[in-house]
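What follows is the residue order along each chain.
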Amino acid sequence: MGAGIFSRLKAGLAKTKERFIGSLEDVLSFHQQISPELYEELEEVLVSADVGIDTATLLIEKLQERVKKEKPQSTAGIMEYLKEIIIEILSVPPPAALKEAPLAILVVGVNGVGKTTSIAKLADFYQQEGKSGLLVAGDTFRAGAIDQLKVWGERLQIDVIHHQEGADPGAVVFDGMAAANARRTDVVIIDTAGRLHTKVNLMSELKKVHRIVHQNLGSRNLVNLLVLDATTGQNALAQAKTFQEAVGVDGIILTKLDGTAKGGITLAISAQLGLPLVWVGVGEGLGDLRPFVAEEFVEALFS
Amino acid sequence: MLFSNLSERLQDTLRRLRGKGRLTEKDVDEALREVKLALLEADVNFKVVRIFINRVKERAVGQDVVRSLTPGQMVVKIVHEELTRLMGEKAEKLAVSAQPPTVVLIVGLQGAGKTSTVGKLGGLLKKEGRRPLLVAADIYRPAAIRQLQILGEKAGLPVYSAEGKNPVEIAVGAVARARETNRDYVLIDTAGRLHINEELMGELEEIRQAVNPDEILLVVDAMTGQDAVNVAQSFHEQLALTGLILTKLDSDTRGGAALSIREATGQPIKFVGVGEKMENIEVFHPERLASRILGMGDILSFIEKVESSIKEDQALEMMKRIQKDQFTLEDFLGQLRQMKKLGPLDQLLSMLPGIKPQQLKGVQIDEKEMKHIEAIIQSMTPQERREPQIINASRRRRIARGSGVSVQEVNRLLNQFEQSKKMMKQLANLGKGGLKPRFPF
């Protein structure tokens, strides 16, 4: 990754930064002394970034420990501490299998988070790396979902395995895996219907789809990626937990970071569930899905 | 985790607040600290929380505590009233233009559920005897037009789209088409866009100027976090929204975003999306969502039930009768009916202060049996109800026939009645010493 990615990520995060760390900076420059009010305000700023009360409390506690131990002279040093604490939490290594073709990627998430668009961007990423790809239209429920993936397939010139709307998603996925294996495709990416994690029957359907993928992997690695919308609040944690329990989540794609939302809930997800952020979506263009790097991410937030 | 069981923690705090009379500042502060956490956890924007808490505090300090509520419960009651008031109190209808068609512009971020909502709203209007035209003005997302066409087919509604035209032209063309074909509502689906994307926000402004909509509705995902305020504010500033639609309420989100967007725009929430099926759209009930955001369903229903159906004087009267051994099957029936009004017994028990949810694990009260008991008592003569000792074998058979149960069941009831009478008398006498009578059951 060159400097290009860094600046692009930074540009995408510019607005995020303004509201998130910008205000942290405000807090830190306002308070010259380390005081309970300072911690309280810091906690508030973290909560306002969707970090959540639990995780905000955890971060502040860690910060207080550091301060107690190292006794910094000014509040300026606190910024560095907080940065390091956040980086540490976010530094969960991404699944190694993502780099090893042949590979199957199962993309899951609730409705409207940007699964299909993320799949197109992922396919583009692997294509740029010179890998062959195949898309599987596993969302047979939402009106127009198959067409949406087909349009992307045409644009990227990548084949899309699909049935018609209302078909059994398990059957499409079976065909998709068979095709990928027969063609020795490097990376097969499977779209699934958006489903609220609270719908028990839809979660069982997902388990079945997952099982079929798993049974037909051949020599492939399987990576399950959960797509989360950066504008989502505390519910994202519940989503991550439930999808994790249902099919196992190997990593997170965080979309829509080009808005003003902070996506702070991913901090809670990494802290509490130990799940790695793998990709971040910072724009509508195909190139706007970026590999997540904790240092860059936090650096972009603070700079 | 610290707040892993927020609701349990909250209940503990509220229980600790005891005492009667007026709400003191200390009572209010202590309870509101918990309320604040509950609201933040529900994704209400932290600035909105701050404003809200201050407002409630002003109102609450010095208020009389309703009898049979603790100060903590009283604060929650005030919070809930204020929340409901803030959310708009009553359901708001869709505008109707004096000169049809009524033009409704649907806007929002990507993935909020605009296209599905347009389909559902069309279906709802059709059910009300209206003739909506759906308009596919999202020319950016691949297959968005196709999606609306499919939804239109399902709902049996026409869908207007125009290849090669820009969204402004499509909107104008659609309104003209609606006039020609005598459609009375035009529902325009627009592309999802970021509120900070000047170019695309400008496009919406152009549509607005071109077709002068009667309603501009912002569709917001109920799971949205703190950013909901920024989104709603930007859309409102640029387009002058007339209402909001909250989607994906069938998730387990507490939906605090609703309060944020309401506070940020002052516009009413008109509809909520509650599922993936076409008919899963409902008018908005502020009170229901207020309870959900607050997340204190049990305390709230307890307060409500205390207010609506239990009169303390009645309970006292009953107590006296029990103590004097005058408790009859008629009283028993009266109590049963009150119980029924209160809802499932185990739920009611779990609401009582001092009873922890875990104590009730395994307690199952059979509602069906309650019905039988009612039928049995109703099959008795007034005299039998007052003097159960006169109920002999032949009377038992008659009562059993009359209520459609077996004689054994009648026997069981009579035994149970005698036993509970004894037990209640003991309890009541125990209570004489100053223990406040609550529910004799």
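Residues numbered from 1 in each chain as written. Chains lettered and ligands numbered in written order. Predicted model: local features only at pLDDT ≥ 70, side-chain atom pairs only at ≥ 80, totals over all residues. Heavy atoms only, no water.

K.L.:
Before we go on, may I ask you to explain the overall build of chain A in this structure?
P.N.:
Of regular secondary structure, chain A possesses twelve helices and eight strands. For a compact globule of 303 residues, the expected C-alpha radius of gyration is about 19 Å, and chain A comes in at 20 Å, within 12% of that figure. The buried share of chain A, reckoned over its 303 residues, is 60%. Residue pairs at least 24 apart in sequence account for 76% of intrachain contacts in chain A once pairs closer than 6 positions are excluded. Entry remark: accessible area of chain A is about 11600 Å², with carbon and sulfur atoms responsible for 50%. (Helix = DSSP H or I, 4+ residues; strand = E, 2+ residues; numbered from the N terminus. Rg over C-alpha atoms; globule rule 2.2 N^0.38 Å. Buried < 20%, exposed > 50% of the residue type's maximum accessible area, 1.4 Å probe, protein only. Contact = heavy atoms within 4.5 Å. Areas by Shrake-Rupley, 256 points an atom, 1.4 Å probe, with all protein chains shown as cover.)

K.L.:
Help me out: how do you make sense of the pairing of strand S7 (residues 269-273) of chain B in this one?
P.N.:
Each regular strand displays side chains that alternate between the two surfaces of the sheet. All names here are of chain B. The buried count for S7 comes to five of five residues, which makes it a mostly enclosed element. Taken together, the three bridges between strand S6 (residues 243-247) and S7 define a ladder with parallel strand orientation. Bridging from a neighbouring strand, Ile245 pairs with Phe271 of S7. Pairing between S7 and strand S8 (residues 281-283): three bridges, direction antiparallel. Residue pairing across strands places Val272 opposite Glu282, the latter belonging to S8. (Pairing = 2+ DSSP bridges.)

K.L.:
Whenever I open this one, helix H8 (residues 169-183) of chain A confuses me. Can you help?
P.N.:
Within an α-helix, residues lying three or four positions from one another point in the same direction, as the helix has 3.6 residues per turn. Residues and elements named next belong to chain A. Here H8 contains 15 residues, and its C-alpha end-to-end distance of 21 Å stays within 8% of the 21 Å for a straight helix at 1.5 Å per residue. Taken together, the buried positions of H8 are Pro169, Gly170, Val172, Val173, Gly176, Met177, Ala179 and Ala180. Lining the buried residues of H8 we find strand S1 (103-108), strand S2 (133-138), strand S3 (160-161), strand S4 (187-192) and helix H9 (200-215). Where H8 terminates, the next one or two residues include Arg184, which has phi positive at roughly 55 degrees. (Expected span 1.5 Å × (residues − 1).)

K.L.:
Explain the packing of helix H2 (residues 25-41) of chain B against helix H3 (residues 46-60) of chain B here, please?
P.N.:
For any two helices packed against each other, one specifies the inter-axial angle together with the distance between the axes. Residues and elements named next belong to chain B. Running from amino to carboxyl end, H2 crosses H3 at an angle of 155 degrees, the nearest separation of the two axes being 10 Å. When the interaxial angle is binned, H2 and H3 end up roughly antiparallel. Crossing handedness for the pair H2 and H3: right-handed. Of the residues in H3, those touching H2 at Glu25, Val28, Asp29, Leu32, Val35, Lys36, Leu39 and Leu40 are Phe46, Val49, Phe52, Ile53, Val56, Lys57 and Ala60. Per-class residue counts for the contact of H2 with H3 are eleven nonpolar, no polar and four charged. (Axes fitted to C-alpha atoms, helices over the stretch in contact; angles between N-to-C directions. Parallel < 35°, antiparallel > 145°, perpendicular 65-115°, else oblique. Left-handed = near helix turned anticlockwise from the far one by under 90°. Nonpolar A, V, L, I, M, F, W, Y, C, P; charged D, E, K, R; others polar.)

K.L.:
When you look at the interface of chain A and chain B in this model, what are you seeing that I'm missing?
P.N.:
Put simply, an interface is often sized by how much accessible area is lost when its parts join up. In this complex, chain A contributes 45 residues to the contact, which on the side of chain B involves 37 residues. In this assembly, chain A packs against chain B so that about 3500 Å² is buried in total across both faces, 56% of it on carbon and sulfur atoms. Area buried by chain A at its contact with chain B is led by Glu44(A), Ile53(A) and Asp54(A), which between them contribute 16% of it. Between the two partners, chain A and chain B, sit four salt bridges. The closest approach of N and O atoms between Glu44(A) and Arg50(B), which form a salt bridge, is 2.3 Å. Counting across the chain A and chain B interface gives 19 residue pairs in polar contact (both at pLDDT 80 or more). Every element with two or more residues in the side of chain A that touches chain B is listed here: helix H1 (3-19), helix H3 (36-48), helix H4 (53-70), helix H7 (145-156) and helix H10 (235-247) of chain A. Grouping the constituent residues of the side of chain A that touches chain B by class yields twelve nonpolar, 18 polar and 15 charged. (Buried area = accessible area lost by both parts, 1.4 Å probe. Salt bridge = Lys/Arg side-chain N within 4 Å of Asp/Glu carboxyl O. Polar contact = N/O pair within 3.5 Å; in protein donor to acceptor, adjacent residues only side chain to side chain.)

K.L.:
How should I be thinking about the sheet that holds strand S3 (residues 159-160) of chain B in this particular structure?
P.N.:
Neighbouring strands of a sheet are bound in pairs by backbone hydrogen bonds; such pairs are parallel or else antiparallel. Residues and elements named next belong to chain B. Pairing in this open sheet of eight strands is mixed, and the strands run S3-S2-S4-S1-S5-S6-S7-S8 from one edge to the other. Of all strands in the sheet, those bounded by a partner on one side alone are S3 and S8. Bridge count for strand S1 (residues 102-108) against strand S5 (residues 215-221) is five bridges, and the pairing is parallel. The residue of S5 that forms the bridge with Val104 is Glu215.

K.L.:
How do you make sense of the environment of Ser251(B) when you look at a structure like this?
P.N.:
You can see Ser251(B) is positioned in the loop between S6 and helix H10 (257-265). Its relative accessible area of 5% is what places Ser251(B) among the buried residues. Between the C-alpha atoms of Ser251(B) and Val274(B), which are 23 residues apart in sequence, the distance is 8.2 Å. The residues touching Ser251(B), leaving out its near neighbours within four places in the chain, are Leu196(A), His197(A), Thr198(A), Met223(B) and Arg292(B).

K.L.:
So what exactly am I meant to see when it comes to the packing of aromatic side chains here?
P.N.:
Here a ring pair, both rings aromatic, is described through the centre-centre distance and the interplanar angle of the planes. All names here are of chain A. Throughout the structure, instances matching the rule amount to two aromatic pairs over all chains. For the ring pair Phe125 and Tyr126, a centre distance of 5.4 Å and an interplane angle of 85 degrees mean the geometry is edge-to-face. Take Phe125: its relative accessible area is 24%, and that puts it in the partly exposed class. Measuring from centroid to centroid gives 4.6 Å for Phe125 and Trp279, while their planes differ by 80 degrees, and the two rings are edge-to-face. With Phe125 in helix H6 (residues 115-128) and Trp279 in strand S7 (residues 277-281), this residue pair connects regions lying 154 residues apart in the sequence. For Trp279, a relative accessible area of 4% gives the class buried. Each member of the aromatic cluster is reached from another via a ring pair, and the members are Phe125, Tyr126 and Trp279. The residue whose ring lies beneath Arg155 is Trp152, and the NZ or CZ to ring-centre distance is 4.8 Å. (Phe/Tyr/Trp six-rings, centres within 6.5 Å; stacked < 30°, edge-to-face > 60°. Lys NZ or Arg CZ within 6 Å of the ring centre and 35° of its normal.)

K.L.:
What exactly am I supposed to notice about the pattern of salt bridges here?
P.N.:
Any two side chains of opposite charge can pair, on the condition that their charged atoms come close. Under the counting rule described, the total for this entry stands at 29 salt bridges over all chains. Between Lys154(B) and Glu165(A) there is a salt bridge, with its nearest N and O atoms 3.6 Å apart. A residue pair is termed interchain when its members come from two chains, as with Lys154(B) in helix H6 (residues 144-155) and Glu165(A) in the loop between S3 and H8. Lys154(B) gets classed as exposed once you look at its relative accessible area, which sits at 52%. Owing to a relative accessible area of 32%, Glu165(A) belongs among the partly exposed residues under this scheme. In this structure, the salt-bridge partner of Asp168(A) is Lys208(A), at a minimum N-O distance of 3.5 Å. You can see Asp168(A) sitting in the loop between S3 and H8 and its partner Lys208(A) sitting in helix H9, a full 40 residues away along the chain.

K.L.:
Please clarify how the side chain of Lys115(A) should be interpreted in this entry.
P.N.:
All names here are of chain A. Among the structural elements, Lys115 can be located in helix H6. At 6.0 Å, Asp191 is the nearest oppositely charged side chain to Lys115, a buried residue that forms no salt bridge. With near-sequence residues (within four places) excluded, Lys115 lies in contact with Val107, Val108, Gly109, Val110, Asp191, Thr192, Ala193, Gly194 and Val227. (Lys, Arg positive; Asp, Glu negative; His and termini not counted.)

K.L.:
Can you help me understand the nonpolar core in this one?
P.N.:
Soluble globular proteins: nonpolar side chains tend toward being buried together. Core analysis: the largest hydrophobic core is formed by 181 residues, its most contacted members being Ile105(A), Phe235(B) and Leu246(B). Here this core gets nine residues from one element, more than from any other, and that element is helix H5 (residues 76-90) of chain A. Two domains each provide a minimum of three residues to this core, namely domain 1 (4-87) and domain 2 (102-293) of chain B. Not counting residues within four places of it along the chain, the set of residues in contact with Leu246(B) comprises Val220(B), Ala222(B), Ala258(B), Ile261(B), Ile269(B), Phe271(B), Val272(B), Gly273(B) and Leu289(B). Formed by 24 residues, the second largest nonpolar core is a distinct cluster that contains Val118(B), Leu151(B), Leu217(B) and Phe271(B). (Core = buried A, V, L, I, M, F, W, Y, C linked by side-chain atoms within 4.5 Å. Domains from an automatic or database assignment.)

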